[in-house]
Amino acid sequence: MKLELDITPDLVAMMQAEIAAGERAVSAAIREAGTGLKSAWRAQITGAGLGARLARTIRTEQFPKGKPSLNAAALVWSKAPVIVGAHDTGPLIRSKNGFWLAIPLPAAGKSSRGGRITPLEWERRTGLRLRFVYRHTGPSLLVAEGRLNTKGRAVASRSKTGRGVTTMPIFLLVPQVKLPKRLDLARDADRALDSMPGLIVANWAEGKFG
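Residues numbered from 1 in each chain as written. Predicted model: local features only at pLDDT ≥ 70, side-chain atom pairs only at ≥ 80, totals over all residues. Heavy atoms only, no water.

Novice: Is there a simple way to think about the packing of aromatic side chains in this case?
Specialist: Two measures describe an aromatic ring pair: the distance that separates the ring centres and the angle between the ring planes. A complete count under the given rule lists one aromatic pair for this structure. Both rings, one in W100 and one in F132, keep their centres 6.2 Å apart while their planes meet at 45°; by these two values the pair is tilted. With W100 in the loop between β3 (92–94) and β4 (101–104) and F132 in strand β5 (residues 131–133), the pair connects residues that are 32 residues apart, well separated along the chain. Among the residues examined, W100 registers a relative accessible area of 37% and is labelled partly exposed. For F132, a relative accessible area of 42% puts it in the partly exposed group. (Phe/Tyr/Trp six-rings, centres within 6.5 Å; stacked < 30°, edge-to-face > 60°. Helix = DSSP H or I, 4+ residues; strand = E, 2+ residues; numbered from the N terminus. Buried < 20%, exposed > 50% of the residue type's maximum accessible area, 1.4 Å probe, protein only.)

Novice: Would you explain the side chain of D88 in this entry?
Specialist: On the secondary structure map, D88 appears in helix α3 (residues 81–89). Apart from residues no more than four positions distant in its own chain, D88 is found in contact with K181, L183, D184 and L185. (Contact = heavy atoms within 4.5 Å.)

Novice: Can you walk me through the pairing of strand β6 (residues 140–148) in this structure?
Specialist: Here β5 pairs with β6 via three bridges, running antiparallel. Paired with F132 across the bridge in β6 is L142. Between β5 and β6, which pair antiparallel one after the other, the connecting turn spans six residues, and G138 there sits at a positive phi close to 90°. Of the strand pairs in this sheet, β6 and strand β8 (residues 166–174) are connected by seven bridges, and their pairing is antiparallel. Along β8, the bridge assignment pairs E145 with T167. The pairing of β6 with strand β7 (residues 154–155) spans two bridges and is antiparallel. Bridged to L148 within β7 is A154. Where β6 folds back onto β7 in an antiparallel hairpin, the turn is made up of five residues, including G152, whose phi is positive at roughly 80°. (Pairing = 2+ DSSP bridges.)

Novice: Please explain α3 as it appears in this structure.
Specialist: Note that an α-helix has 3.6 residues per turn; residues three or four places apart therefore point the same way. Turning to α3, its buried residues number three or more, namely V84, A86, H87 and D88. Looking one or two residues beyond α3, the residue adopting positive phi is G90, at roughly 65°.

Novice: I would appreciate a short explanation of the nonpolar core in the present structure.
Specialist: Soluble globular proteins: nonpolar side chains tend toward being buried together. Counting 14 residues, the largest nonpolar core has W41, I45, L50, L54, V84 and L183 as the members making the most contacts within it. Listing elements by their share of this core, those giving two or more residues are α1 (11–47), α2 (52–55) and α5 (185–209). With three residues, α1 is the single largest residue contributor to this core. When neighbours within four sequence positions are excluded, L54 is seen to be in contact with I45, A80, I83 and V84. In this structure, L130, M168, I170 and F171 belong to the second largest nonpolar core, which totals 13 residues. (Core = buried A, V, L, I, M, F, W, Y, C linked by side-chain atoms within 4.5 Å.)

Novice: Any chance you could explain the pattern of salt bridges here in plain terms?
Specialist: It is possible for side chains bearing opposite charge to pair when their charged atoms get close. On inspection of all chains with the given rule, the structure shows six salt bridges. Between R191 and D188 there is a salt bridge whose closest N-O contact spans 3.7 Å. Residue R191 and its partner D188 are located together in helix α5, separated by three residues, close to a single helical turn. In this structure R191 comes out as exposed when scored by relative accessible area, which is 53%. Judged by its relative accessible area of 7%, D188 falls in the buried class. Here the residues in one salt-bridge network are R187, D188 and R191, joined through shared partners. (Salt bridge = Lys/Arg side-chain N within 4 Å of Asp/Glu carboxyl O.)

If you want it as structure tokens, here you go:
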């Protein structure tokens, strides 16, 4: 006696189709979560007043590339991790050589490379010498003899008689600075992780019935 078993529908084909649907669902969910986290971090950075340029350093990439997978993963990172990380943790900053941190005042202006100018660069740019002034109360100072231009920046005086020359504070000197915590990147990362089960289910259902 010969028996034949015919199963309709094909269970193997159904399982393969279900696995493929799961791979697409997981990959789509990972892509949505990664893109959402990138947008959330960028919004945090601009909302904290740190600028669109720093926000654009947040990038995302998905793995594996070019094909769906049940083991899909997304990497969200910054191309300026030191700066972003500092605003995320609010670290205590000390001078590398153990002396002072020089904080430029408005009269110092900005560096030619952008950002904060250093005392050495300031002296080279202006041709003026900085003088240390110790104060018992409050931060000590680096000052210079000169005048303020129309932009409020310290420059050398052109007067041969010394008229208009004044002592101008250029830098504050402090032993350390506590950078305020302006970001909470972990909060958005946790929200992205919490959203994953719902995103997988939604994308799986859409793949089956959409």
